[in-house]
Each structure stands twice: as C-alpha cells, then as structure tokens.
Amino acid sequence: MQMNTNEELSLGNVMTVKIARQGQMKVPKQMLKQLHLEAGSEVSLIFLGNGLLLLPQQTALETICERIRQTLAKIGKTEADILATLPEARHKVFKELYGEIEDNDS
Amino acid sequence: MIHRNRLRVFLDSNVILAGFLSVWGLDKAILSLCAARIIQLVLAEVVRLEIEKNLLIHSETLSRADSDLLLSDYDRFLQLAHPEIIPPPSVSEVQRHRGMIRHLPDVPVRTGLLRKPRCYLRRLLNQIGLSHTIRNISQML
C-alpha cells in the first residue's frame, strides 16, 4: 500500500482489513506508527452513517469535556443552563468591544 | 499551521458549548473532528471571548480552583483544535453590516463569517449530514 510520508495522514489512504473473531481488527503497522499508536493506546470509534471513523486523539477531548461537565455539575448546572446565558455573554462582549455603537432598533 | 485543503467549519458558541456538555450528538461529532484536526475549526475572536465570558458567568458560584480548572479546560480544547481565529471586526465594519441582522450583538459574529466565505456553517452541516461532509472531505484531500 502506498503511504503518505507527510506527518498527517490524508483520508486518501484507504485499505481493506478483515474483522476477526470478537470484533478485533488489525491496523497496519505503518498507520499505527504515523498515528503514534501502540498496544494499549486508546482510540475513539465514531459511528457515521454506514461507517466508523477511528480517531486517536479523542481521549484528550473526552477528558476535557468530562471535566467541564463534572465541574459545572458541582453547582447543578446543565447544558440548558449554560446555553441559556449565551445571549447575556454575547451582549457583554459586544458592550466591551463596541460600547460606542448604539442599537437604534431596540 | 493552517491546512488550506482541510474542510473549514465556522462554529458559533452554542455548538462548541453543546459539544462540551453533551454526551453525544452532531455538535460533539463536529468537535471531535475539530480536535482531531480532520476539520479546521474557524473561530471568531468574539465567539472565543463569548464562550469564556459565559463560563465566567457560571463560575461565579464555583470555588476559585474549579473556576480556574474550567477556564484552563477551555484553553486546552483551543490548543487541541488549534482554531483559525478571525479577529474582531472594526466599529466601522460592524456599523456597515448593521442592516444584515436584527440583533445588534450578532453583527460582529456574522461579519466575521463574511470574511471567511469558504467556511461551512454548523447549520449547513446539519442540513447536508455529517457523513456526506466526511465524503466531501475525502474528495478534497
């Protein structure tokens, strides 16, 4: 298989592998090397339509998201609570940056 | 480093926050693709500030340590996604585009988007479907 020598893999590198018993799949060594993956590395499988996308860096994102959720949960804040104050935050940022502009339509 | 051939997506604050807080969904999927740098996140500076401001509104009742943790986690996400930042428009630009949208505080965000016409909006991604978008990315690379 022709591999890209760039640090980032392109989505053009497509190959076929077989799923073994118990759902195991063998990822080619070159791909593992380029993605800095080794035995025991965690990856995320994202279900997309009829396909699966395997992403190696998602542990970091999931850790961040989980900690944000847990921190806000300590004060009983839900997603709806956080989204509900966005207009207030946008208004504050606007005032700080463009306080001199008056809203003649409001 | 900004990769010009990568699909670029302009996300508003509600998408990013919903991506942080929801367990799964389209917002989370887009955030995952941005964090993996498959999609280039394009972020207006006003949106970046607005998310920070919104987190600060809620962190008033948090301990100092938790408040710092919240903001540093947001910063870690930005480091992970490495967004392309659109600087805030000038006062004259905001005034020029005032008629574009009814709600005045939205004008700087929409003006930022006008500067990056080759970006997809999250709303558009929702309409065309994420799997279709992935196929588009494959074709672009």
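Calculation notes
- Residues numbered from 1 in each chain as written.
- Chains lettered and ligands numbered in written order.
- Predicted model: local features only at pLDDT ≥ 70, side-chain atom pairs only at ≥ 80, totals over all residues.
- Helix = DSSP H or I, 4+ residues; strand = E, 2+ residues; numbered from the N terminus.
- Buried ≥ 20, exposed ≤ 12 C-beta atoms within 10 Å, placed from the backbone.
- Contact = placed C-beta atoms within 7 Å.
- pLDDT = per-residue confidence, 0-100.
- Nonpolar A, V, L, I, M, F, W, Y, C, P; charged D, E, K, R; others polar.
- Axes fitted to C-alpha atoms, helices over the stretch in contact; angles between N-to-C directions.
- Parallel < 35°, antiparallel > 145°, perpendicular 65-115°, else oblique.
- Left-handed = near helix turned anticlockwise from the far one by under 90°.

Novice: I'm lost on the overall build of chain B in this one. Help?
Specialist: Counting its secondary structure elements, chain B contains eight helices and four strands. Shown N-terminal to C-terminal, the secondary structure of chain B runs as helices and strands in the order β-α-α-β-α-α-β-α-α-β-α-α. For chain B, the residues scored as buried account for 37% of the 141 residues in total. Sequence separation of 24 or more characterises 66% of the internal contacts of chain B that already satisfy a separation of 6 or more.

Novice: Sorry if this is basic, but what is going on with the confidence of the model for chain B here?
Specialist: Fine structural detail should not be taken from predicted coordinates in areas where pLDDT scores are low. Residues and elements named next belong to chain B. Scored by pLDDT, chain B comes out at a mean of 82, with 78% of its residues at no less than 70. Confidence scores differ between elements of chain B, with helix H8 (residues 130–140) showing the lowest mean pLDDT of 51 and helix H3 (residues 45–59) the highest of 96. Note on residues 137–141: pLDDT is under 50 here. Beyond four places in sequence and across chains, it has ten contacts. Scored as a complex, the prediction yields pTM 0.74 and ipTM 0.80.

Novice: It is not clear to me how the interface of chain A and chain B should be interpreted in this structure. Could you clarify?
Specialist: Size of an interface, as often reported, equals the accessible area lost when the parts are brought together. Between chain A and chain B, the residue contacts involve 42 residues of the former and 42 residues of the latter. Those elements that provide at least two residues to the side of chain A that touches chain B are strand S1 (44–48), strand S2 (51–55), helix H2 (58–73), helix H3 (79–84) and helix H4 (86–98) of chain A. Split by residue class, the side of chain A that touches chain B holds 20 nonpolar, eleven polar and eleven charged.

Novice: Would you mind showing me how to read the packing of H4(A) against H3(B) here?
Specialist: Helix-helix packing is characterised by the crossing angle of the two axes and by the distance between the axes. Where H4(A) contacts H3(B), the two axes come as close as 8 Å, and the packing angle between them is 120 degrees. Classified by the angle between their axes, H4(A) and H3(B) sit oblique to one another. Considering the relative orientation of H4(A) and H3(B), their crossing is right-handed. Two secondary-structure elements touch here, H4(A) through A:Leu86, A:Glu88, A:Ala89, A:Arg90, A:Lys92, A:Val93 and A:Leu97 and H3(B) through B:Val46, B:Leu49, B:Glu50, B:Lys53, B:Asn54 and B:Ile57.

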